[in-house]
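Coordinate inspection notes
Given next are the chains, with one letter for each unit.
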Amino acid sequence: MAATPIAVVTGASSGIGAATARNLAAKGFRVVLTARRKDRIEALAAELTEAGHQATAYALDVTDRAAVDEFATAFRSLAVLVNNAGGALGADPVATGDPADWRQMYETNVIGTLNVTQALLPALTASGDGTIVILSSTAALSAYEGGGGYVAAKHGEHVLAETLRLEIVGTPVRVIEVAPGMVRTEEFATTRFRGDTEKAAKVYAGVDAPLTAEDVADTIGWAVTRPSHVNIDLLVVRPRAQASNTKVHRTQ
């Protein structure tokens with residue numbers, strides 16, 4: 001009897017990460033949930049277990065390389081890694097942006113993804129059929145005003161995915177990049193604006209049906225369950241109301 005395939009999801013405490021964990025668990029993966037907020041991922045693991053799925057919570061800061069390396073020792077073989085941990089801070093122009101915000105975004109989005117990918121690549125390769133998902137953003141593909149730090153970090157993540165795919169071609173590991181546009185989750189914009197819910201709400205004001213975390217999770221679930229020889233190099237997903245990072249149809 002074949003072992004249940006394991007999927008690691010980083011940043012699984014809320015939003016796209018939590019939705020992806022639910023999606024992959026429903027598809028038959030044993031999901032390992034990681035995030036800094038232990039209480040959140042333990043609650044999600046309990047929810048999934050109660051529903052009859054296999055789930056484990058592991059508190060982890062992806063920017064802590066020693067902790068990531070320790071986490072990786074638990075895996076001899078791994079089917080899927082979803083690099084979802086990341087986020088945005090601030091919306092200041094380049095001229096006045098806080099270097100500390102830029103540094104934190106780079107550390108989380110780029111170095112965090114690098115840490116986890118490097119640490120788990122041997123187990124993904126050992127599986128004979130591994131998949132790495134890097135959740136970037138449409139910010140990884142084009143710039144917009146007030147997003148310099150986040151755009152720079154996501155461009156870094158995009159190039160990481162492209163370069164890794166070139167370097168490991170011929171091994172049994174796929175590299176998939178999913179780049180969402182406007183997604184309304186409970187925390188992304190609020191975190192970006194440091195708890196200012198009014199500013200966060202304006203991001204989505206008048207937009208008919210922005211993407212949900214479940215929409216993106218469904219996309220990730222589809223991509224990782226394609227036949228082994230099929231690699232979805234880059235999948236851009238936006239709501240119908242969004243034509244680009246700077247052109248969004250609003251009803252008001």
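What this report covers is the structure whose coordinates are included nearby. Predicted model only: the values in this text are computed from it and were never measured. (Residues numbered from 1 in each chain as written. Predicted model: local features only at pLDDT ≥ 70, side-chain atom pairs only at ≥ 80, totals over all residues. Heavy atoms only, no water.)

Quick look at a nonpolar patch on the surface now. Taken together, the side chains of Leu141, Leu234 and Val236 make up a nonpolar region of the molecular surface, amounting to roughly 210 Å² of accessible area. By secondary structure assignment, the location of Leu141 is in the loop between strand S5 (130-135) and helix H5 (148-167). (Patch = residues over 30% accessible without salt bridge, like charges linked within 9 Å, V, L, I, M, F, W, Y side chains within 5 Å. Areas by Shrake-Rupley, 256 points an atom, 1.4 Å probe, with all protein chains shown as cover. Salt bridge = Lys/Arg side-chain N within 4 Å of Asp/Glu carboxyl O. Helix = DSSP H or I, 4+ residues; strand = E, 2+ residues; numbered from the N terminus.)

Next up on the list: the packing of helix H1 (residues 15-26) against helix H8 (residues 213-224). Where H1 contacts H8, the two axes come as close as 8 Å, and the packing angle between them is 45 degrees. The orientation of H1 relative to H8 falls into the category oblique. Between H1 and H8 lies a crossing of right-handed hand. The segment H1 lies against H8, with Gly15, Ile16, Ala19, Thr20, Asn23 and Leu24 engaging Ala213, Glu214, Val216, Ala217, Asp218, Ile220, Gly221 and Val224. For the contact of H1 with H8, the class distribution of residues is 8 nonpolar, 4 polar and 2 charged. (Axes fitted to C-alpha atoms, helices over the stretch in contact; angles between N-to-C directions. Parallel < 35°, antiparallel > 145°, perpendicular 65-115°, else oblique. Left-handed = near helix turned anticlockwise from the far one by under 90°. Contact = heavy atoms within 4.5 Å. Nonpolar A, V, L, I, M, F, W, Y, C, P; charged D, E, K, R; others polar.)

Time to look at the pattern of salt bridges. Counted by the stated rule, this structure contains 5 salt bridges. Residue Lys154 is joined to Glu157 by a salt bridge in which the shortest nitrogen-to-oxygen separation is 2.8 Å. Taken together, the residues span about one helical turn, with Lys154 and Glu157 both in helix H5 at a distance of 3 residues. Between Arg165 and Asp233 there is a salt bridge, with its nearest N and O atoms 3.6 Å apart. You can see Arg165 sitting in helix H5 and its partner Asp233 sitting in the loop between H8 and strand S7 (234-237), a full 68 residues away along the chain. Assessed through its relative accessible area of 18%, Arg165 is described here as buried. (Buried < 20%, exposed > 50% of the residue type's maximum accessible area, 1.4 Å probe, protein only.)

Next up on the list: the pairing of S5. When you tally the buried positions in S5, you get 6 out of 6 residues, the bulk of the element. Of the two faces of S5, both are covered, the one formed by Gly130, Ile132 and Ile134 as well as the one formed by Thr131, Val133 and Leu135. In the sheet, strand S4 (residues 80-83) pairs with S5 via 4 bridges, with the strands oriented parallel. By the bridge assignment, Asn83 is partnered in S5 with Ile134. What joins S4 to S5 is helix H4 (residues 99-126), and the crossover it makes is right-handed. Sheet topology note: the S5/strand S6 (residues 173-180) ladder contains 6 bridges and is parallel. Note that in S6 the partner of Leu135 across the bridge is Val178. (Pairing = 2+ DSSP bridges. Right-handed = clockwise from strand over helix to strand, strands pointing away.)

Note on placement: Thr10 falls in the loop between strand S1 (6-9) and H1. Ignoring sequence-local partners within four residues, the contact set of Thr10 consists of Thr34, Val62, Leu81, Val82, Asn83, Asn84, Ala85 and Val116.

In spatial order, the strands read S3-S2-S1-S4-S5-S6-S7; together these 7 strands make up an open sheet with parallel pairing. Strands at the two margins of the open sheet, each flanked by one partner only, are strand S3 (55-59) and S7. Across the sheet, the mean angle from the axis of one strand to that of its neighbour is 15 degrees, orientation sign disregarded. Where strand S2 (residues 30-35) meets S3, 5 bridges bridge the pair, whose relative direction is parallel. Residue pairing for S3: Ala35 is matched across the bridge by Ala59.

Viewed as axis vectors pointing N to C, H1 and helix H2 (residues 38-50) meet at an angle of 25 degrees, and their least axial separation amounts to 11 Å. With respect to H2, the axis of H1 lies roughly parallel. Our pair here, H1 against H2, has a crossing hand that is right-handed. Contacts from Ala18, Ala21, Arg22 and Ala25 in H1 reach Leu44, Glu47 and Leu48 in H2. Among the residues making up the contact of H1 with H2, the classes are represented as 5 nonpolar, no polar and 2 charged.

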